[in-house]
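If you want the building blocks of each chain, they are given just below.
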Amino acid sequence: MKIRSATRWLLLLLCLASVAPAWAVSLEEEVRLGRRVMAEVRHYGLTSDPSLDAIGADLAGVMQRQELPWRFWVIEDMRGYNAFAVPGGFVCITRAYYEKLNDEETAFVIGHEMAHIDLRHHERQGERVRRAEIGRLLLDILTDGATGWRTAADLGATAYVTHYSRVLEREADFAGYGYAEAAGYDARMAVTALSKLGNEPNLHPWIQNIYATHPVLSSREDRLSALGGEEPEDIASPPPSASHRRDLREGLEPFDPPAPIAVRILAPDGSRWEQAWRRNFTRHLHLRLIPLGFEIAGDDIMYHREIGDPVETARSRNARYLLLVTVKAMESERTGPDTVAGTPVRASIEVAAELMAVADRSPVWQGVVAHQAEGVDVLAADPETLYTDSCIGALAERTAGEIALACAKAAGAVPAEAAEAKAPAEESAPAAAD
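Since the model is a prediction, treat every value here as computed from it, not as a measurement. The residue numbering used here restarts from 1 in each chain and proceeds along that chain's sequence as written. At least 70 in pLDDT is required for a residue's local features to be given in this predicted model, at least 80 for side-chain atom pairs to be given and counted, and no such filter applies to totals for whole chains, interfaces and linings, which use all residues. Excluded from the side-chain calculations are hydrogens and water; all other atoms, namely the structure's heavy atoms, are used.

*Asks:* Kindly report on the sheet that holds strand 4 (residues 90-94), identifying the contributing residues and their values.
*Replies:* Pairs of strands are assigned from DSSP output, requiring at least two bridges between the strands. A run of H or I in DSSP becomes a helix once it reaches four residues, and a run of E becomes a strand once it reaches two; helices and strands are each numbered from the N terminus. Taken together, four strands build an open sheet; the order of strands is 1-2-4-3 and the sheet is mixed. Every other strand in the sheet has two partners, leaving strand 1 (46-47) and strand 3 (83-86) as the edge strands with one partner each. In terms of strand pairing, strand 2 (residues 71-75) meets strand 4 through five bridges, oriented parallel. Following the sheet pairing, Trp73 is matched in strand 4 by Cys92. In the packing of helix 2 (residues 27-41) onto the sheet, the strands contacted are strand 1, strand 2, strand 3 and strand 4, and the crossing angle to strand 4 comes to about 25 degrees. Contacts: residue pairs with any heavy atoms within 4.5 Å of one another. To obtain an axis, a line is fitted to C-alpha atoms, over the contacting stretch when the element is a helix, and the angle between two such axes runs from 0 to 180 degrees between their N-to-C directions.

*Asks:* Could you give an account of the packing of helix 5 (residues 103-118) against helix 8 (residues 190-197), naming the residues involved and the relevant values?
*Replies:* Where helix 5 meets helix 8, the closest approach of the two axes is 8 Å, and the angle between their N-to-C directions is 80 degrees. Looking at the two axes, helix 5 sits roughly perpendicular to helix 8. Seen from helix 5, the contacting residues are Glu105, Phe108 and Val109; seen from helix 8, they are Ala190, Thr192, Ala193, Leu194 and Lys196. Under the grouping applied here, Gly and all other residues not named as nonpolar or charged are polar, the nonpolar ones being Ala, Val, Leu, Ile, Met, Phe, Trp, Tyr, Cys and Pro and the charged ones Asp, Glu, Lys and Arg. Taken together, the residues of the contact of helix 5 with helix 8 sort by class into five nonpolar, one polar and two charged. Roughly parallel covers angles under 35 degrees, roughly antiparallel covers those over 145, roughly perpendicular covers 65 to 115, and oblique covers all other angles.

*Asks:* Residue-level account of the packing of helix 3 (residues 50-60) against helix 5, with values.
*Replies:* The contact between helix 3 and helix 5 brings their axes to 10 Å, and the two run at 55 degrees. The orientation of helix 3 relative to helix 5 falls into the category oblique. Two packed elements cross with a definite hand, and for helix 3 against helix 5 that hand is right-handed. Each of Leu52, Ile55, Gly56, Leu59 and Ala60 in helix 3 lies in contact with helix 5, whose residues at this interface are Asp103, Thr106, Ala107, Ile110, Gly111 and Met114. Along the lines of polarity and charge, the residues of the contact of helix 3 with helix 5 split into seven nonpolar, three polar and one charged. Rotating anticlockwise by less than a right angle from the far helix to the near helix defines a left-handed crossing, while the corresponding clockwise rotation defines a right-handed one.

Structure representation (structure tokens):
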């Protein structure tokens, strides 16, 4: 019994000692932590958007923490209306939410998320969580793990942390309002940015207040509208900014019915593209062809190394078109030492493409797409996946989009405006006499 008691008190002393150090980390450690978090979400498709970058740059100019390498991404493949920031200055917003907002509203939403990092909320919350865990452990030690006390400790720790989180959310609301205003935006649009959250078809849990860390929407709107001396209902909701939309149809009317197409990537034997990025680049092409009205045919076999005559293979899968793409170059090279902002790189790509009609093997379109760009990779280029947050991944997606657009135009796609104008004319045309 004495040994058991002594052990508990030793654990108690160790717990108390562990509370003393501050949770604060160095800039390098914070950025490293943020990169680890972003590496977990990059598969949702992180893309740079010029309009978001411009708003983010304006806001970064009024932040206290000028040492942070602020970086902004739109998340393409995550459902729901959401935005978040992680330590290190990495800020994200879902395309679904971004395309509903104008620049003024976006400035508040992004400013709110940046405030969490600028005001070091992650450090304050981290310390709070740690103290709650320590308190729960202490009670468990002192009560010898009694079930009733453990349940009480769990509830108490949850309330302790949740209340603090709500305080931080209110602080971020006010700070985001102030940042937007200081950066030259109409901060009153914070109210309409929040009201648009309620229009989401699949409400995010924090909007429903299931997670109590975010204050109820109406109370947030009331607080923020009061800063401008107005009632929420007096602030008109603006239309979204056109620059926030991502039109993968490129202004064309999609084929209807869809046009079946098979895609075959060619690469020098033994090259890394044959082993790694080949399948991923094919997927980029698929994702850009489908919105234009193409239907992918032969997806079960066109990846294989040996398929014989690709035209015959495409014909066996009922494809109308065959797109042959030869990757001549796709490289990313480091151009300087790593910095807190990331790794400076130069990415280059050269791809030759040919679209042919499967029925008679006749050429429909052929061309070469080549690009080169310099930038900074926050996350390292992946040997298996062409992530769009990397310079080479962004170039690959851009190249795939240009090839898909050229194929659609060559196959007869027309501008959406022309198709819309043609439809009413056909409907109003008099019926032919018998």
